[in-house]
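# A look at the structure
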Amino acid sequence: MVFTRRPAAILTAIVAACAMAISLTACTTDANSQDTADDQTTVTSSAPGVVAMFTPSDGITLNQQTPLNKWAKLTPNLTKALTSAGFKKGDISHTTSDSLDKQSRAIQDYVVNHLSGSNTTDDAGIVISPDNITLLVAPVVEADASTRQYGDYVSQELSTADTAEGSDSTDSSDSSNSSDSSDSSTGSDSTDDSSSDASKTAGDSKNAAQAEAVDRLVSSLKLAKESGMHVVLMGNSIKGYKPDAFVRFSDAQAIGKLQAEKIVSKLELSKASKDNPKYIEVLMPYTAVDESGEVSDSTFVQEAFRGIWQVLGAYYQKGVVESPSGTLNGNSTEDDWQSVAYDASKEGSTAKVLDARLAKADEHASPTRIDGIIAMNDYIASEVVTELDDLGYTGSAADINPQITISGIVGNITGKKDLSRSDVPDPIKSPEKDDSADSTDSADTQDDSTATDKTDKTKDSQWPLVTGYGAYVSNIPSIVNGKQWMTGIEDRQTLAENIAEACALLNKGQTLTSMSSVRNTEVGGKKEVPTISGPLLAVSASNLKVTLIDPGYISLADAGL
């Protein structure tokens, strides 16, 4: 009896184990997929899903100088980060557009095609559910020549309110005709009035077309969200539209503030005195009139100066910082941006402005002392470097409160050890204001005066700190040799990783509260929008290897090494 019961018990146990395994398999299948009529599988929230990227085509900066803050540079980082987060390469698409009209149509087509079922499967025949799709959209915005010099990521806002005014006066369907009319009138001998009317008509048509594109984009994104898709806006917001998440890149105020903060630190303004102030000039380049002849929006330059003044304003007010040109003083406010702004669209304008601000007392005088120049972007910084050389300034930024030599900088970049040296103290009183020599005899006083005069001339001609932004590849050698002291750049790799993590969470139906890089902010007038952001990277010769070379943003050859 014992032997007959044991085989029966074993058989019963095996059957029970098989049943349990089958049950678990069924549960796993139900959790990850569902069968459809044609035996396809619909991906649910447990799978990474799909990401569709829509970005602007890269803009062109003056003289083909290229900043590293370009969409074409970011998208490879995004693709790599998305694949690392579990997304298949075939489930990551990227569309570029050179206008908002084309971009809005591309997004509209993508959403409609997926919702209609005409483009809802991948190569494996898996049906993609809408709640497993995230749209990464960087809306195309128009930027004038001066704004483009900061790169492609500068945050701006799309608004239908700005374009609606022109939509009542013209039919958008006549846009191309009015544009042709405007072109023909330019080359003819028509009167100024007719030319002005044609330009106005073309401008109104352009505004109407822009408003139509914005409306189409918003409608498409709303349809996507209503269907279950997720929308993440990158860089540029849309007034009145609330995305699932927003990626905040650099803005004008942050760019200005970064440069001012680094100037304060390097010049040690906390130790400066009224008797021996530091001399700083601020250059605010902008485009006064756009390509259509209309007055450009000055919001960017105003916000940039506000960021600068929030940092430097207190030092001007204390009298420890002065402007050699007198454009800024202790009575200036953050609204006085026009005092330092100039139209950078005119050829040679930066050189002319700097030459006027640093004008010598006479042709035999030494250069005007200047300790720092905030140039705002690398294109302007390159012009500043050229003009300073023409004006007779010598040395480099490595000579100002030095910590490492130029050879040490090069050694650091190429992997060798830094060569350190101690700081050179700056006297509390400037030599011309020091009365300590009154007790010396006349001969000693004359000798001291001669030595002091030579020291003063050397100090006056000392190369100042020059700041910029954009990390232009063409400017990197100037960073290495100290002619341009610093530049700025977005931390692309970290941002890409954070965006990929957000896409994975959204496609799984989860919130972004677990991400340390996310906080709720107001975006496009809508509150409580999860916003991904990170600090800007300040790049100088001392950290060039860590910030640009090691991550692969540039090569040693780009740095002139």
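Residues numbered from 1 in each chain as written. Predicted model: local features only at pLDDT ≥ 70, side-chain atom pairs only at ≥ 80, totals over all residues. Heavy atoms only, no water.

### Considerations on helix H15 (residues 492-507)
For H15, spanning 16 residues, the distance from its first C-alpha to its last is 22 Å, which sits close to the expected 22 Å at 1.5 Å a residue. Among the 16 residues of H15, 12 are classified as buried, and the element is accordingly described as predominantly covered. Inspection of H15 places Arg492, Leu495, Ala496, Asn498, Ile499, Ala500, Ala502, Cys503, Ala504, Leu505, Leu506 and Asn507 among the buried residues, and these make up the whole buried set. Those residues of H15 hidden inside the fold are in contact with strand S2 (50-56), helix H2 (71-84), strand S5 (133-137), strand S7 (230-234), strand S9 (245-247) and strand S18 (526-532). Two residues or fewer past H15, glycine 509 is found with a positive phi of approximately 75 degrees. (Helix = DSSP H or I, 4+ residues; strand = E, 2+ residues; numbered from the N terminus. Expected span 1.5 Å × (residues − 1). Buried < 20%, exposed > 50% of the residue type's maximum accessible area, 1.4 Å probe, protein only. Contact = heavy atoms within 4.5 Å.)

### Here we look at the sheet that holds strand S3 (residues 92-97)
The strand order across the open sheet formed by 7 strands is S3-S2-S5-S7-S9-S18-S17, and the pairing between neighbours is mixed. Since the sheet does not close on itself, it has two edges, and those belong to S3 and strand S17 (518-523), each with one partner. Pairwise comparison of adjacent strand axes, ignoring direction, gives a mean angle of 30 degrees for this sheet. One ladder, built from 4 bridges, connects S5 with S7; its direction is parallel. Residue pairing in the sheet places threonine 134 in a bridge with histidine 230 of S7. Along the sheet, H2 contacts S2, S3 and S7; its crossing angle with S2, the most-contacted strand, is approximately 170 degrees. Of the strands in this sheet, S2, S3 and S5 are in contact with helix H3 (residues 100-116), which crosses S2 at around 165 degrees. (Pairing = 2+ DSSP bridges. Axes fitted to C-alpha atoms, helices over the stretch in contact; angles between N-to-C directions.)

### Describing the packing of aromatic side chains
This structure, assessed with the given rule, holds 8 aromatic pairs. Ring plane angle 20 degrees and centroid distance 5.8 Å describe the contact between phenylalanine 305 and tryptophan 309, whose orientation is recorded as stacked. Highlighted residues: phenylalanine 305 and tryptophan 309, both in helix H9 (residues 299-318), separated by 4 residues, approximately one helical turn. As far as burial versus exposure is concerned, phenylalanine 305 and tryptophan 309 are alike and both buried. Note on tryptophan 309 and tyrosine 316: the rings are 5.2 Å apart at their centroids and 25 degrees apart in plane angle, and the pair reads as stacked. The same class applies to tryptophan 309 and to tyrosine 316, which are both buried. (Phe/Tyr/Trp six-rings, centres within 6.5 Å; stacked < 30°, edge-to-face > 60°.)

### Section: the environment of lysine 257
In this structure, lysine 257 sits in helix H8 (residues 252-266). Judged by relative accessible area, lysine 257 falls into the partly exposed class, the value being 35%. Considered as a pair, lysine 257 and glutamate 303 are 46 residues apart in the sequence and their alpha carbons are 9.8 Å apart. Lysine 257 has contacts with Gly307, Ile308 and Val311, leaving out every residue within four places of it along the chain.

### Things to note about the packing of H8 against H9
For the pair H8 and H9, the least separation of the axes is 7 Å and the interaxial angle reads 30 degrees. It follows from the interaxial angle that H8 and H9 lie roughly parallel. For the crossing formed where H8 meets H9, the hand is right-handed. Where H8 abuts H9, its residues Ala252, Gln253, Ile255, Gly256, Lys257, Ala260, Glu261 and Val264 lie against Phe300, Glu303, Ala304, Arg306, Gly307, Ile308, Gln310, Val311, Leu312 and Tyr315. (Parallel < 35°, antiparallel > 145°, perpendicular 65-115°, else oblique. Left-handed = near helix turned anticlockwise from the far one by under 90°.)

### What about a nonpolar patch on the surface?
A surface patch of nonpolar side chains, about 210 Å² in accessible area, is lined by Val112, Leu115 and Leu223. Position of leucine 223 relative to the elements: it lies in helix H7 (residues 192-227). For leucine 223, a relative accessible area of 34% gives the class partly exposed. (Patch = residues over 30% accessible without salt bridge, like charges linked within 9 Å, V, L, I, M, F, W, Y side chains within 5 Å. Areas by Shrake-Rupley, 256 points an atom, 1.4 Å probe, with all protein chains shown as cover. Salt bridge = Lys/Arg side-chain N within 4 Å of Asp/Glu carboxyl O.)

### Description of the environment of arginine 357
As for its position among the elements, arginine 357 is in helix H10 (residues 349-357). Along the sequence, arginine 357 and serine 323 sit 34 residues apart, while their C-alpha atoms lie 8.9 Å from each other. Those residues in contact with arginine 357 that lie beyond four places of it in its chain are Glu281, Val282, Leu283, Pro324, Ser325, Thr327, Ser339 and Val340.

### A short note on the confidence of the model for the protein
Scored by pLDDT, the protein comes out at a mean of 79, with 70% of its residues at no less than 70. Low pLDDT, under 50, characterises residues 162-188; the predicted model gives this stretch 23 contacts beyond four residues in sequence or across chains. Counting interchain partners and residues more than four positions distant, the pLDDT-below-50 stretch residues 417-422 has 16 contacts. (pLDDT = per-residue confidence, 0-100.)

### As for the nonpolar core
Counting residues in each nonpolar core, the largest one holds 39 residues, and the members touching the most others are Met284 and Leu312. Within the residue set of this core, elements represented by two or more residues are H8, strand S10 (278-282) and H9. Examining the composition of this core, we find that 10 residues originate from one element, H9, more than from any other. Among residues more than four places away in sequence, those in contact with methionine 284 are Val301, Ala304, Phe305, Ile308, Val340, Ala341, Tyr342 and Met376. (Core = buried A, V, L, I, M, F, W, Y, C linked by side-chain atoms within 4.5 Å.)

### Considerations on unusual backbone geometry
The backbone of alanine 471 sits at a positive phi, close to 50 degrees, despite the residue not being glycine. Positionally, alanine 471 belongs in the loop between strand S15 (465-467) and helix H14 (476-480). The exposure class assigned to alanine 471 is buried, which follows from its relative accessible area of 0%. At glutamate 528, a residue that is not glycine, the phi angle is positive and equals roughly 60 degrees. With respect to the helices and strands, the residue glutamate 528 is situated in strand S18. Note on glutamate 528: relative accessible area 52%, which makes it exposed.

### Focus: the pairing of S10
Counting buried positions over the 5 residues of S10 gives 5, a clear majority of the element. Both faces of S10 are covered, namely the face carrying Lys278, Ile280 and Val282 and the face carrying Tyr279 and Glu281. Sheet topology places S10 next to strand S12 (residues 321-322); 2 bridges connect them, and they run parallel. Paired with lysine 278 across the two strands is valine 321, which belongs to S12. Judged from the 3 bridges that link them, S10 and strand S14 (residues 372-374) form a sheet pairing that is parallel. Residue pairing across strands places isoleucine 280 opposite glycine 372, the latter belonging to S14.

### Quick word on the packing of H2 against H15
Interaxial distance between H2 and H15 falls to 8 Å at its minimum, and their mutual angle equals 45 degrees. As far as their axial angle goes, H15 and H2 are oblique. As for the relative orientation of H2 and H15, their crossing is right-handed in sense. Along its contact with H2, which presents Lys73, Leu74, Asn77, Leu78, Ala81 and Leu82, the element H15 presents Arg492, Gln493, Ala496, Glu497, Ile499, Ala500 and Cys503.

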